Amino acid sequence: FESCDLRSAMCCWVSDRQANDNNGNCATPYDENCRDADPGDNTDLCAVDMDRTTSSSSHVDGGFALFHGNNEGPVHCHGFAWGQDVNEPAARFKGNNLFFVSMYDHLHQRGYVREVPGAPMCACVEKMPIVSRADCTEIEEDETWLFTWSSSQYQFTASLESIKIKFNACRGANNRNNDLEAFYRRLANEGRASEDEFDEFKKTVVGNHQCDNAINALLEEKGYVYDPDPYVEGLTQVYGKGEMVPVEQHLLRPLSAFTKQGDIGLRHLLGEHSPVFYVVRWCPRCQRSHRMIVYKRLTAIPEDMDFYTLFTERWLDYPENVNHLDFTLHSSLEEAFEDKNPWSFCNYHEHVGFPRDCGPYGFVGGQWSSPNGGQQDVAFYVWNGNPDITDPARPHPDIPNFTKSAGFCLNANGNDQNSGVYQLEGGDFETEELQTRCLKLCAAYPGYTGCEAIWGQHNRGCYVHTKDVSTGNGAGNHMCWVL
């Protein structure tokens, strides 16, 4: 503890190995349901600075790892802190607190194990990973003293008879309990820590929704310079927002200068022989999966489609703008050119811009952009080769001869098929009209083997199967179609 300059310590875990304790998702039988189980997620992991700790913990001499968005997986962090007075209970019994937090409460009671890679499991806060928050335990002490008067020696003696310690959730500033940052704020408010120490503490426990700022601060500390606009050969920018504003917004207007930029000359979005074209959105501060998105148009464009409105203000599925049927989304131009790895899920909204909550394998929120909301730094580009494309329009697929049965889809062994299944759209797919739409979406997805519709429950939506499915199990609120 002598090396803890900020008089605070924290532990972080990434695995759960104990079932039936109402913490984490480890379950029995252990061989099937606890091989890679997760702890209860109570924080966002922002970054790991391996220069903070010794090589015995990180196993490398230095470096760092960044975790943009919320894609690091479940992580659980818990800590404690003590004031400047070495005689206060929090300082005197910090070792007891460490044992309680690390060994009893989390290892013994919850079964939490494994540290964040590149960091210690428990250490002084300033040596731990950069996170948004942590739970917190504080000491409550009850001491019994015996005072004795000696008439022969004319003096009192005092002896400590018993000590009782309770481990409670921290009472933090502004009625924020069980929160390490709020507890440290309380220490500063009470004069038990300085404001400079609190500012330093905030470099590790940075606060909710502050990971992006923390990552940028770490990169600046390491000597990196932020470049929001990567050079991509063969693209022309047509719209920018925030730090990406070298182009006026009106350049996305169709029928005027949709792809005209300065004196470069007119680059027609549409060629004479094909409706296929590519638009790229670049969002440097989006989570990693959404930094580059490629929109590949598959069918002819309706005359009343306004591209500026579609991409920046009202991301709608009409007129004729349905994922897998009229366009596909990809994570790179190379994948778009080769029709590889199309994003499975898309949804739409009249007050939200591209791509609302579309994602590679399911719903991903918070990555959309609009002129007055959403992601702040966004640019749209068109591919300069669009005019030379000769690919024909891709017709909507015919619905194949599926075998229909009620219930969720089972594999050949009679078990629920949860592998190789991807959500295509959300919502209640109960009506015949919506189920027909679901079947068309499934038929357009590469490698489909079946289709599943769910309604009236939290995971409602249209799903495509790409692995072995045999029949439905008869359960309510589900419908299964098998080739």
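Shown above is the structure to which this text applies.
The numbering scheme is per chain: residues are counted from 1 as the chain's sequence reads. Since the coordinates come from a predicted model, pLDDT governs what is reported: local features require at least 70, and pairs of side-chain atoms require 80 or more to be given and counted, while whole-chain, interface and lining totals use all residues. The basis for the side-chain values is all heavy atoms of the structure; hydrogens and waters are excluded.

A. Broad picture of the side chain of glutamate 425. With respect to the secondary-structure elements, glutamate 425 resides in strand β20 (residues 421-426). Counting of polar contacts relies on pairs of N or O atoms within 3.5 Å, with two restrictions inside protein: one atom must be capable of donating a hydrogen and the other of accepting it, and residues adjacent in sequence are counted only when both atoms are side-chain atoms. In terms of polar contacts, glutamate 425 uses its side chain to reach the side chain of arginine 437, at 2.7 Å. For glutamate 425, the residues in contact, after removing those within four places along its chain, are Val322, Phe345, Cys346, Tyr348, Arg437, Leu441, Gly461 and Cys462. Only runs of H or I of at least four residues qualify as helices and only runs of E of at least two qualify as strands under DSSP, and these elements are numbered from the N terminus. We call two residues in contact whenever any of their non-hydrogen atoms come within 4.5 Å of each other.

B. Molecular detail of the environment of cysteine 346. Turning to its location among the elements, cysteine 346 is positioned in the loop between α9 (333-337) and β15 (369-370). Taking the C-alpha atoms as reference points, cysteine 346 and aspartate 21, separated by 325 residues in sequence, lie 37 Å from one another. When near neighbours in sequence (up to four residues on either side) are disregarded, cysteine 346 contacts Trp315, Asn323, Phe327, Leu329, Cys358, Leu424 and Glu425.

C. A look at the sheet that holds β20. Should DSSP find at least two bridges between two strands, the strands are regarded as paired. The antiparallel open sheet is built from five strands, whose spatial order is β18-β24-β21-β22-β20. Across the chains shown, the open sheet's two edge strands, defined by having one partner strand only, are β18 (403-406) and β20. Taking the axes of each pair of neighbouring strands and ignoring which way they run, one obtains an average angle of 20° across the sheet. Across five bridges, strand β21 (residues 450-454) lies against strand β22 (residues 461-465) in antiparallel orientation. Looking at β22, one finds that isoleucine 454 is bridged to glycine 461. Lines fitted to C-alpha atoms define the axes, with helix axes restricted to the stretch in contact, and inter-axis angles between N-to-C directions lie between 0 and 180 degrees.

D. Just the side chain of histidine 324, in detail. Position of histidine 324 relative to the elements: it lies in the loop between α8 (307-312) and β14 (327-330). At 3.3 Å, the side chain of histidine 324 forms a polar contact with the side chain of asparagine 323. Excluding anything up to four places from it in sequence, histidine 324 contacts Leu298, Pro342, Trp343, Ser344, Leu424, Leu441, Ala444 and Tyr445.

E. Up close: the nonpolar core. Ranked by internal contacts, the top residues of the largest apolar core, which has 41 residues, are Tyr295, Phe311, Trp315, Leu329, Phe354, Phe380 and Cys462. The contacts of phenylalanine 380, once residues within four sequence positions are left out, are Thr236, Gln237, Val238, Tyr239, Val279, Val280, Arg281, Phe311, Thr312 and Phe354. Residues belong to a common nonpolar core when they are buried Ala, Val, Leu, Ile, Met, Phe, Trp, Tyr or Cys residues joined through side-chain atoms within 4.5 Å. Only protein chains enter the calculation, and the probe is 1.4 Å; a residue is then buried if its accessible area is under 20% of its type maximum, exposed if over 50%, and partly exposed in between. Formed by 28 residues, the second largest nonpolar core is a distinct cluster that contains Cys12, Val131, Cys136 and Phe201.

F. Molecular detail of the state of the cysteines. Working definition: a disulfide is two cysteine sulfur atoms within 2.5 Å of each other. If you walk through the whole model with that rule in mind, you get 11 disulfides. What pairs with cysteine 46 in a disulfide is cysteine 211, and their sulfur atoms sit 1.9 Å apart. What sets the handedness of the cysteine 46 and cysteine 211 disulfide is the S-S torsion sign, and at about -70° it is left-handed. On the criterion of sequence distance, the pair formed by cysteine 46 in strand β3 (residues 45-49) and cysteine 211 in helix α7 (residues 211-221) is long-range, its members being 165 residues apart.

G. Representation of the packing of aromatic side chains. Under the pairing criterion, centres of Phe, Tyr and Trp rings, with the six-membered ring standing for Trp, must be within 6.5 Å; the plane angle then separates stacked pairs below 30 degrees from edge-to-face pairs above 60, leaving the rest tilted. By the definition in use, this model includes 31 aromatic pairs. Put simply, the rings of Tyr239, Phe277, Tyr295, Phe307, Phe311, Trp315, Phe327, Tyr348, Phe354 and Phe380 pair up and form one aromatic cluster. Here the guanidinium or amino end of arginine 185 rests over the ring plane of phenylalanine 198, the centre of that ring lying 4.5 Å away. A ring is scored as having a charge over it whenever the NZ atom of a lysine or the CZ atom of an arginine sits within 6 Å of its centre and within 35 degrees of its normal.

H. Spatial organisation of the sheet that holds strand β17 (residues 378-383). If you trace the five strands from one edge of the open sheet to the other, you get β11-β17-β12-β13-β14, paired in antiparallel fashion. Edge positions in the sheet fall to β11 (235-241) and β14, since each of these pairs with one other strand and no more. Averaged over all adjacent pairs, the angle separating strand axes in this sheet is 20°, with direction ignored. Of the strand pairs in this sheet, β11 and β17 are connected by six bridges, and their pairing is antiparallel. Considered in β17, the bridge of glutamine 237 is made with tyrosine 381.

I. Main features of helix α4 (residues 94-108). To get the bend at any residue, fit one axis to the seven residues that end at it and another to the seven that begin at it, then take the angle between the two axes. Largest kink in α4: about 35°, centred on phenylalanine 100. Among the residues making up α4, those that are buried are Lys94, Asn97, Phe100, Val101, Ser102, Asp105 and His106.

J. Expanded view of the pattern of salt bridges. We count a salt bridge whenever a side-chain nitrogen from Lys or Arg sits within 4 Å of a carboxyl oxygen from Asp or Glu. Within this structure, the stated rule accounts for 28 salt bridges. With a closest N to O distance of 2.9 Å, aspartate 135 and arginine 133 form a salt bridge. With a relative accessible area of 15%, arginine 133 lands in the buried category. We note a salt bridge from arginine 460 to aspartate 428, for which the minimum N-O separation is 3.8 Å. With arginine 460 in the loop between β21 and β22 and aspartate 428 in the loop between β20 and α10 (432-444), the pair connects residues that are 32 residues apart, well separated along the chain. You can call aspartate 428 partly exposed: its relative accessible area is 37%. One continuous salt-bridge network, built from bridges that share partners, spans Glu88, Glu138, Arg171, Arg186, Glu190 and Arg192.

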